[in-house]
Amino acid sequence: AYTSALEDLNERLTLVAEITDVLGQTLETDEALARLGRLLVPRLADWAAADLRSRSGQVHRVTVTGPAGREAELEGGREHLPEAAEQGRSPLVQVLNGGPPVLQQQDEEAWTAGANGSPLAALHSDFLRTVHATSVITVPLGSRRQITGALTLVRTDPAHPFDTDDLDVVSDIGRRVGLVVDNARRYGRQRAVAGAMQRNLLAPLPQPGLLQLAARYEPAPVGSQVGGDWYDAFELPDGRLTMAVGDVTGHDMDAAALMGQLRNLLRGISY
């Protein structure tokens, strides 16, 4: 029994290590959660569902992972869900509103107990009944101070329910995934700001007379949206058209800022 317990613990630690490694390889939230589902099913659960909460409170079921060939049955569930009301007995609603991880051991009829009074709870209960859940773990993604969503794991075999050790492992996974989601969102906001800055620095090209000018800006590094490369075209006072292509070393905001200064300086010198 002691050897079996050690093997079980080693398997769980190995799973957590694999999840940490895989999630660290992407900054795309949906892709990270899809990879998470493929790691958890079937090694730890029969079904896995990940829900994210936006700043406005809207809940989005990002991914549902189940036995091979059965994901398509729940394709309609991968949509925007109702907001998570503050009140409600549903573990999903409670977790999304700062509650602790929850372990449930119930039969199919009991899933309706927390569905009343919340459209989100009702939809989630319908999901549990559809997959014939017998044991369910629901944990927050992130910490209580920064909850980005919830992770739900389901087992369907009454002979192999989740236990408190599973709850501890999944809670740890939820905290790690929450950090990944938070980092991905921060990266997305920074990328949007950088992209807007780049577009503003690269002014629209003039269309002098019958001449038509067009340009395409494609950052070389994967994931980079800003850098020191620039193009420009402008007419001099005597009507001549001047074109310029330049590059400042670097792929960051500093390079873009310096690029803007040099671009304007070059215009001044040309005039």
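Here, every reference points to the structure presented above.
Residues numbered from 1 in each chain as written. Predicted model: local features only at pLDDT ≥ 70, side-chain atom pairs only at ≥ 80, totals over all residues. Heavy atoms only, no water.

A few words on empty space enclosed by the protein. On inspection of all chains with the given rule, the structure shows one cavity of 30 Å³ or more. A volume near 30 Å³ is recorded for the largest cavity. Contributing to the lining of the largest cavity are Leu33, Leu36, Gly37, Ala48, Ala49, Ala50, Thr63 and Leu151. (1 Å grid on protein atoms, 1.4 Å probe; cavity = no way out; pocket = protein on both sides within 12 Å on 5 of 7 lines; lining within 4 Å. Points joined across faces, edges and corners; volume = space filled by probe spheres on them.)

So, on to helix α4 (residues 119–130). The first and last C-alpha atoms of α4 sit 16 Å apart over twelve residues, in line with the 16 Å expected at 1.5 Å per residue. Directly after α4, the chain includes His132, whose backbone phi takes a positive value near 60°. (Helix = DSSP H or I, 4+ residues; strand = E, 2+ residues; numbered from the N terminus. Expected span 1.5 Å × (residues − 1).)

With that settled, the discussion passes to the pattern of salt bridges. Throughout the structure, instances matching the rule amount to ten salt bridges. Close ionic contact of Glu31 with Arg35 constitutes a salt bridge, the shortest N to O distance being 2.9 Å. Of this pair, Glu31 and Arg35 are both found in helix α2 (residues 29–40), four residues apart, which corresponds to roughly one turn of the helix. In this structure, the salt-bridge partner of Asp51 is Arg61, at a minimum N-O distance of 2.6 Å. Separated by ten residues along the polypeptide, Asp51 in strand β1 (residues 47–53) and Arg61 in strand β2 (residues 59–65) bring together distant segments of the chain. Neither residue differs from the other here; Asp51 and Arg61 are each classed as buried. (Salt bridge = Lys/Arg side-chain N within 4 Å of Asp/Glu carboxyl O. Buried < 20%, exposed > 50% of the residue type's maximum accessible area, 1.4 Å probe, protein only.)

Leu36, Leu40, Leu151, Leu153 and Ile173 are the most contacted members of the largest nonpolar core, which has 27 residues in total. Of all the secondary structure elements, the ones that give two or more residues to this core are α1 (2–23), α2, β1, β5 (135–143), β6 (146–155) and α5 (164–201). (Core = buried A, V, L, I, M, F, W, Y, C linked by side-chain atoms within 4.5 Å.)

Evaluated as defined, the whole model comprises one aromatic pair. Ring geometry for Phe234 against Tyr271: centres 6.1 Å apart, planes inclined by 15°, an arrangement best described as stacked. Separated by 37 residues along the polypeptide, Phe234 in strand β7 (residues 228–235) and Tyr271 in the segment after α6 (253–270) bring together distant segments of the chain. By relative accessible area, which is 5% here, Phe234 ends up buried. Using a relative accessible area of 56% as the deciding quantity, one classes Tyr271 as exposed. One Lys or Arg, Arg61, reaches over the ring of Phe127 and ends 5.0 Å from the middle of that ring. (Phe/Tyr/Trp six-rings, centres within 6.5 Å; stacked < 30°, edge-to-face > 60°. Lys NZ or Arg CZ within 6 Å of the ring centre and 35° of its normal.)

Working note: α-helix, 3.6 residues per turn, so residues spaced by three or four point in the same direction. Compared with the 16 Å implied by 1.5 Å per residue over twelve residues, the 17 Å span of α2 between its first and last C-alpha is a close match. For α2, the set of buried residues is Thr29, Ala32, Leu33, Ala34, Leu36, Gly37, Leu39 and Leu40.

Among the surface-exposed residues, Leu258, Leu262, Leu265 and Ile269 lie close enough to one another that they form a single nonpolar patch of about 370 Å² accessible area. Note that Leu265 resides in helix α6. (Patch = residues over 30% accessible without salt bridge, like charges linked within 9 Å, V, L, I, M, F, W, Y side chains within 5 Å. Areas by Shrake-Rupley, 256 points an atom, 1.4 Å probe, with all protein chains shown as cover.)

Right, let's get into the pairing of β7. β7 sits mainly inside the fold: six of its eight residues count as buried. Bridge analysis of β7 against strand β8 (residues 241–248) gives eight bridges, and the strand direction is antiparallel. Residue pairing across strands places Asp232 opposite Ala244, the latter belonging to β8. Once β7 ends, the chain turns through five residues before running back antiparallel as β8, passing Gly239 with a positive phi of about 95°. (Pairing = 2+ DSSP bridges.)

Moving on to the side chain of Arg155. Take Arg155: it is sitting in strand β6. Only 3.0 Å separates the side chain of Arg155 from the backbone oxygen of Leu44, close enough to count as a polar contact. Beyond its immediate stretch of four places on either side in the chain, Arg155 contacts Leu44, Ala45, Asp46, Ala133, Thr134, Ser135, His160, Pro161, Phe162 and Asp166. (Polar contact = N/O pair within 3.5 Å; in protein donor to acceptor, adjacent residues only side chain to side chain. Contact = heavy atoms within 4.5 Å.)

Okay, the environment of Ala215 next. With respect to the helices and strands, the residue Ala215 is situated in the loop between α5 and β7. With a relative accessible area of 43%, Ala215 lands in the partly exposed category. Along the chain, Ala215 and Leu205 lie ten residues apart, while their C-alpha atoms are 7.9 Å from each other. When neighbours within four sequence positions are excluded, Ala215 is seen to be in contact with Leu205 and Tyr231.

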